[in-house]
Amino acid sequence: MKLKFRRGWIAAALLLAQGGAAEAHIVAARLGDFYMGALHPFTDLQDVILWTATGVLAGSLGASRGRWLILVFPLGLLVGLPLGRIFGAASAGLADAAMMLAIGLMLAAATRIPTSALCAISFGLAVMRGAANGADLGPDTDRVLFAAGLACVGYTIITLTMALTVVFRGTESDGSAPWRTIAVRALGGWIAAIGLMMASIVLAS
Amino acid sequence: MTAMRYLRLALVVLATLMQPSMLGAHEASLGVLEFREVRPGAFIGRWTMEPSIGAGRIDLRVPPHCFLRLPEMNCGQKGLVGSITITNLGANMSAVLIKVIPIAGEPRSYTISTANPVVSVLGTGAPTLEAWIELAKTYVNYGIDHILLGADHLLFVLGLIWIVGGGWRLVKTITAFTIGHSASLAAAAFGLIGVPERPLNACIALSIAFVGVEIVKQQRGTMGITARYPWAVAFTFGLVHGIGFASALAGLGLERSLLPAALLFFNIGVEIGQLAFVLLVLALIWAHRRLDAVVPRWGEALPAYAIGSVSMFWFFGRLVRVFAAI
């Protein structure tokens, strides 16, 4: 049984480490480059996990700290997109894994980081993932529309994830069940574990 | 009007004139190819509506037993039965209607679109369940695509949400918009009313500008007509937008017997797309409230001006196209 679990974990980690984004380009044929930009991150599990983790981290720190990310995160994606075109994907597997590990550990440890640090981490992550999303675009892709779609989906995911986390956690004054805090910390542990596995695979390969 | 206002107006007109090519993005790019059976299994094909990218650039694939070299297509004894597809549909070419006119029996129409790139030709006879399913799949997808690619329609809906807020008032307003555009879509599709596409598109842009002005009025504490009777405004402009939706169907030249069903499925697709958009906007409004992330007082008018500017940009661009066509 343990062996089965271990195989499953390795398969999942390999999937994360080597997930391609090529499938997203089918979208362009149907709905154009705006929607291709909006759906591109969903084809890469690294984006899905890192964006969600960032939203949960910001939400767990409270609305007053987290809300800055509504602007900072899409801005980072927009900055990263042209960098990806110039320098290629800045986001190597190891960098993604390190980010996952760091954010996961912060969540697991319920670290109360200041707003400026949260914004800096989120901006850095968004630049990195923006570059990764922009690196493999075809020459016929309308980059302005793609960037608009990417920024819109970044804004949407971060805003909704933060709000859901804020609602889920509740406030200390309303006597929310302590299990909710534990659940968020446990989720952080899982994210950190995924990051650790990814890093191991990248280093081993 | 101050000099500054004249300057702004001049800039908008200048920007519009410089970039008219961007403004046709929402106009459907369609083609109609007709195959007329001249003897059993042998067809003569011709483009009755040539696609804007040129007929020669369409990569049409017919069933393997058919030999195609336009204008001739020979399918032998088996006849024209099987899958037809176009491999290079995309942003420049959204749909092609294939009309098959057999020697005996009713003509059939099949729409190949980016949403439904492969169609099955089922031979002659009464429509089968498969034919209905294919029709539904094609037109629901086409409706979803049309609303999602129609930034003007979505911007109008966004303006309505902005003015009305949430709750039952929004439900009534969106329902009125739906009834309005469904009624005019049906009327236009059945040929009861007809409005030229280009002036209509200019009117659609103006309807969004109207909503932008209404938002500003509301923010200044004046109750505009939209704030007082949102359902009436939504219904009225819904009629205009519905004719716009119909223009997407009109070019397909569907046969009359299939039109009611195609219309229903297309409308269902439009509603699915619209509902998804409304729910997304409401979810984001909810999230902003939970995060206490509201627009600062100095920036409250920005969204209204953004909506107004974009719509006027579209309006002038579309007006240029109206005059260019004369």
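Residues numbered from 1 in each chain as written. Chains lettered and ligands numbered in written order. Predicted model: local features only at pLDDT ≥ 70, side-chain atom pairs only at ≥ 80, totals over all residues. Heavy atoms only, no water.

By the naming in an unreviewed UniProt entry, chain B goes by HupE / UreJ protein and is assigned to Bradyrhizobium neotropicale.

In the nomenclature of an unreviewed UniProt entry, chain A is known as Nickel transporter of Bradyrhizobium neotropicale.

Considering the state of the cysteines
Residue and element names in this part refer to chain B. On inspection of all chains with the given rule, the structure shows one disulfide over all chains. One disulfide in the model links C66 with C75; its S-S distance is 2.1 Å. Taking the sign of the S-S torsion, about 110 degrees here, the bridge from C66 to C75 comes out right-handed. This pair shows no difference in class: C66 is buried, exactly as C75 is. (Disulfide = S-S within 2.5 Å. Buried < 20%, exposed > 50% of the residue type's maximum accessible area, 1.4 Å probe, protein only.)

Brief notes about the domain arrangement of chain B
Its domain assignment divides chain B into domain 1 (26-125) and domain 2 (148-325). On a C-alpha basis, the centroid separation for the pair domain 1 of chain B and domain 2 of chain B is 34 Å. (Domains from an automatic or database assignment.)

Regarding the sheet that holds strand β4 (residues 67-69) of chain B
All names here are of chain B. In space, the six strands of this open sheet follow the order β4-β5-β2-β1-β7-β8, with mixed pairing throughout. The sheet is open, and its two borders are formed by β4 and β8 (108-113), each paired with just one other strand. When strand polarity is set aside, the average angle formed by the axes of neighbouring strands in this sheet is 20 degrees. One ladder, built from six bridges, connects strand β7 (residues 95-101) with β8; its direction is antiparallel. Across the sheet, residue V100 finds its bridge partner in β8, namely R108. (Pairing = 2+ DSSP bridges. Helix = DSSP H or I, 4+ residues; strand = E, 2+ residues; numbered from the N terminus. Axes fitted to C-alpha atoms, helices over the stretch in contact; angles between N-to-C directions.)

Notes on the packing of helix α3 (residues 45-60) of chain A against helix α8 (residues 143-169) of chain A
Residues and elements named next belong to chain A. In contact at an axis separation of 7 Å, α3 and α8 are set at 45 degrees when each is read in the N-to-C sense. Classified by the angle their axes make, α3 and α8 are oblique. When you trace α3 past α8, the crossing you get is right-handed. Between α3 and α8, the contacting residues are W51, T52, T54, G55, V56, A58, G59 and S60 on the first element and L150, V153, G154, I157, I158, T161, M162, T165, V166 and R169 on the second. Here the contact of α3 with α8 is composed, by residue class, of nine nonpolar, eight polar and one charged. (Parallel < 35°, antiparallel > 145°, perpendicular 65-115°, else oblique. Left-handed = near helix turned anticlockwise from the far one by under 90°. Contact = heavy atoms within 4.5 Å. Nonpolar A, V, L, I, M, F, W, Y, C, P; charged D, E, K, R; others polar.)

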